[in-house]
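A look at the structure
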Amino acid sequence: MTEQLNGLLKAITHEHVYIQTHNFPDPDAIASAYGLQQLLRYCGIESTVCYQGKIERFNTNYIMEKLDIRFSRLVDISDILQEDDEIILIDSQKYNSNVDSARGVEIASIDHHPTFFSAEYRFSDIRPEVGSCATIIASYFFDNDIPMDEKTALVLTFGIRSDTAKLSRGVSQLDLDMLSRLFAYCDGDTIYYLENSELEFKDLDAYAKAIESIELYDGDTAFAFAGENCPEALVASVSDFILSLVAVSFSVVYSKKEKGLKLSVRCSSGLDAGVITARALASFGSGGGHQVMAGGFVPFEGNALHLAKLITAIKEAFIQQIKLAKVKKSNLSELYTDGA
């Protein structure tokens, strides 16, 4: 048994645990949670997967229905949870803005996002260098010779390909190795359908609003509004779309939610989107993420005038942090050149 799996199993003292994803689970969170659930079952531990928000993407709902994967919303099990129940955070970490605290004890975190808030766990396996959390779960199976059925392999494959944008961003050697081993178990037609069925007609309105509102600063930084109450997964997709424009290397897309602004950030210039987002939003809310993709949330319940001022202030904060990051990158480049 590997050190990681041994450490996880030692951290669990109950016969049943809860596996909690971030509030709006995407394909990677779904895949990681389901994979971990099957892994623990093999080891004799039952689990319930739960989340706070909702599952928004068509293809994510489709694969759950097709494969009969059943998760629980926290609101539906709140009366069942006890103070001593053990919770494993998957594709998320304690104190992050995208995961609500539930009754119980967060004993572990398995994640691939950078850590912005320190937290104590009995066990943690956090690897920011890995492109997908599903990759980490897949490695638990293969490194420990644990049998895997076609259903688990299909979900993990979809999770890895989704979070790495079909192996085009944030890919590590481990992602490639795990995907290579998983793919032999999978039905290629199902993967193809899932990867090419991401948008519904109603989603086009968010793209239209973003196109109408896009603003370009300093030649390569774009801001766009995706409309009110745009699903979080769709905000991220629109941000990917804006980044695909030739002139854009840094994209910030936002949507007005009931209690604030949800932001999705993408970067292709070599700057660190996670660090920039965390620093830009530090005075307004919270944010963070990977070098190429990040997100954040800013609480707000004021009127339209106050909202306009807030958005302007957030844009200015991003522009300032991007400029500082560019200067730092340029200085490091000069230092490296001089040293050579």
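Everything discussed here concerns the structure shown above.
Residues numbered from 1 in each chain as written. Predicted model: local features only at pLDDT ≥ 70, side-chain atom pairs only at ≥ 80, totals over all residues. Heavy atoms only, no water.

Let us look at the sheet that holds strand β2 (residues 46-51). Ordered by their spatial adjacency, six strands build an open sheet running β3-β2-β1-β4-β5-β6, and the pairing between neighbours is parallel. The outermost strands of the open sheet, each flanked by one partner alone, are β3 (72-73) and β6 (123-126). Set on the sheet, helix α5 (residues 133-143) makes contact with β4 (86-90), β5 (105-111) and β6; between it and β5 the angle comes to about 95 degrees. (Pairing = 2+ DSSP bridges. Helix = DSSP H or I, 4+ residues; strand = E, 2+ residues; numbered from the N terminus. Contact = heavy atoms within 4.5 Å. Axes fitted to C-alpha atoms, helices over the stretch in contact; angles between N-to-C directions.)

Taken in spatial order, the six strands line up as β7-β8-β9-β10-β12-β11 in an open sheet, and their pairing is mixed. Unpaired on one side and paired on the other, β7 (215-217) and β11 (286-289) mark the two borders of the sheet. Neighbour-to-neighbour, the strand axes of the sheet open up by a mean angle of 15 degrees, direction not taken into account. Here β11 runs beside strand β12 (residues 293-299); their pairing, made up of four bridges, is antiparallel. Bridging across to β12, Gly289 finds its partner in Ala294. Where helix α10 (residues 232-243) meets the sheet, it contacts β8 (221-228), β9 (250-257) and β10 (260-267), and its direction lies at approximately 40 degrees from that of β10.

Volume-wise, the second largest pocket comes out at about 750 Å³. Forming the walls of the second largest pocket are 30 residues, and the residues nearest its centre are Phe24, Lys54, Glu56, Glu232 and Lys257. Looking at the lining of the second largest pocket, the elements that each hand over two or more residues are α3 (58-66), α10 and β12. Broken down by element, the lining of the second largest pocket gets its largest block of residues, four residues, from α10. (1 Å grid on protein atoms, 1.4 Å probe; cavity = no way out; pocket = protein on both sides within 12 Å on 5 of 7 lines; lining within 4 Å. Points joined across faces, edges and corners; volume = space filled by probe spheres on them.)

Attention now moves to the nonpolar core. One finds Leu8, Leu36, Leu40, Phe71, Ile88 and Ile110 to be the most contacted residues of the largest nonpolar core, which totals 52 residues. Counting residues per element, this core draws most heavily on α5, which supplies eight residues. By size, the runner-up hydrophobic cluster in this structure holds 24 residues, among which are Phe250, Ala273, Leu310 and Ile319. (Core = buried A, V, L, I, M, F, W, Y, C linked by side-chain atoms within 4.5 Å. Buried < 20%, exposed > 50% of the residue type's maximum accessible area, 1.4 Å probe, protein only.)

What follows is about the packing of aromatic side chains. Two measures describe an aromatic ring pair: the distance that separates the ring centres and the angle between the ring planes. Tallying each qualifying case throughout the model produces six aromatic pairs. Note on Tyr217 and Phe223: the rings are 5.5 Å apart at their centroids and 85 degrees apart in plane angle, and the pair reads as edge-to-face. The class for Tyr217 is partly exposed, based on a relative accessible area of 26%. Seen from their ring centres, Phe250 and Phe318 are 6.4 Å apart, and the 55 degrees between their planes marks the pair as tilted. Within this pair, whereas Phe250 is found in strand β9, its partner Phe318 is found in helix α12 (residues 304-339), the two being separated by 68 residues in sequence. Of the two residues, Phe250 and Phe318, neither departs from the other in class, the shared state being buried. Three or more aromatic residues link up through ring pairs in this structure, and these residues are Tyr217, Phe223, Phe250 and Phe318. (Phe/Tyr/Trp six-rings, centres within 6.5 Å; stacked < 30°, edge-to-face > 60°.)

What the rule picks out here adds up to one cavity of 30 Å³ or more. Reported here for the largest cavity is a volume of approximately 50 Å³. Contributing to the lining of the largest cavity are Phe223, Val252, Tyr254, Leu261, Leu263, Ile311, Ile314 and Lys315. Residue assignment for the lining of the largest cavity shows that the elements contributing at least two residues are β9, β10 and α12. Of all the elements, α12 adds the most residues to the lining of the largest cavity, at three residues. Along the lines of polarity and charge, the residues of the lining of the largest cavity split into seven nonpolar, no polar and one charged. (Nonpolar A, V, L, I, M, F, W, Y, C, P; charged D, E, K, R; others polar.)

For the coordinates displayed, the defined rule picks out twelve salt bridges. For Arg169, the salt bridge goes to Asp240, with nearest N and O atoms at 3.2 Å. Taken together, the residues Arg169 in the loop between α6 (150-163) and α7 (173-183) and Asp240 in helix α10 connect sequence positions 71 residues apart. Accessibility expressed as a relative area gives 17% for Arg169, which makes it buried. Beyond isolated ion pairs, a larger network of salt bridges with shared partners links Arg169, Asp240 and Arg266. (Salt bridge = Lys/Arg side-chain N within 4 Å of Asp/Glu carboxyl O.)

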